[in-house]
Amino acid sequence: AVCADGPADVLVCHDSPDGVPLPDESPPGADVHHRLIGSVADAVGAGLILHGGLHVRRSAVREGAGGVSATVIGLADDDSPHDDNAVVIRIPRIV
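Residues numbered from 1 in each chain as written. Predicted model: local features only at pLDDT ≥ 70, side-chain atom pairs only at ≥ 80, totals over all residues. Heavy atoms only, no water.

Draft legend 1. Broad picture of the overall build of the protein. Scanning the protein from N- to C-terminus turns up 2 helices and 4 strands. Secondary structure of the protein in N-to-C order comes out as β-α-β-β-β-α. Since a compact globule built from 95 residues should have a radius of gyration of about 12 Å, the 14 Å found for the protein is in line with a globular shape. When burial is assessed residue by residue, the protein has 28% of its 95 residues classed as buried. (Helix = DSSP H or I, 4+ residues; strand = E, 2+ residues; numbered from the N terminus. Rg over C-alpha atoms; globule rule 2.2 N^0.38 Å. Buried < 20%, exposed > 50% of the residue type's maximum accessible area, 1.4 Å probe, protein only.)

Here's what the structure looks like:
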């Protein structure tokens, strides 16, 4: 259903998409869910993907289907410093 609604510039997800390294302690079967998130990102053409499910601040570039790349930002848990669990995104003014 999400994919049918058309393009999206930004995805905000619990989990990260496939195509970015996962920590060794990922639960069994997590790769299936990460592939699902990746397929949604590919379908909508998102250029920015935010997630917090790993509870660790990290950034990566994901090369998706059709050569479309996306910046992937993982946010840390609430006990981490503010700079690790929040991000400010400057969006150009839309007229």
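Draft legend 2. Focus on the nonpolar core. Judged by nonpolar contacts, Leu11, Cys13, Val20, Ile37, Val40, Ala41, Val44, Ala46, Ile49, Ala70 and Val72 together constitute the single largest core of 11 residues. Tallying contributions element by element places helix H1 (residues 30-44) first for this core, with 4 residues. For cysteine 13, the residues in contact, after removing those within four places along its chain, are Ile37, Leu50, His51 and Gly52. (Core = buried A, V, L, I, M, F, W, Y, C linked by side-chain atoms within 4.5 Å. Contact = heavy atoms within 4.5 Å.)

Draft legend 3. Main features of unusual backbone geometry. The residue histidine 55 is not glycine, and still its phi comes out positive at about 60°. By secondary structure assignment, the location of histidine 55 is in the loop between strand E2 (48-51) and strand E3 (58-63). Judged by relative accessible area, histidine 55 falls into the partly exposed class, the value being 45%.

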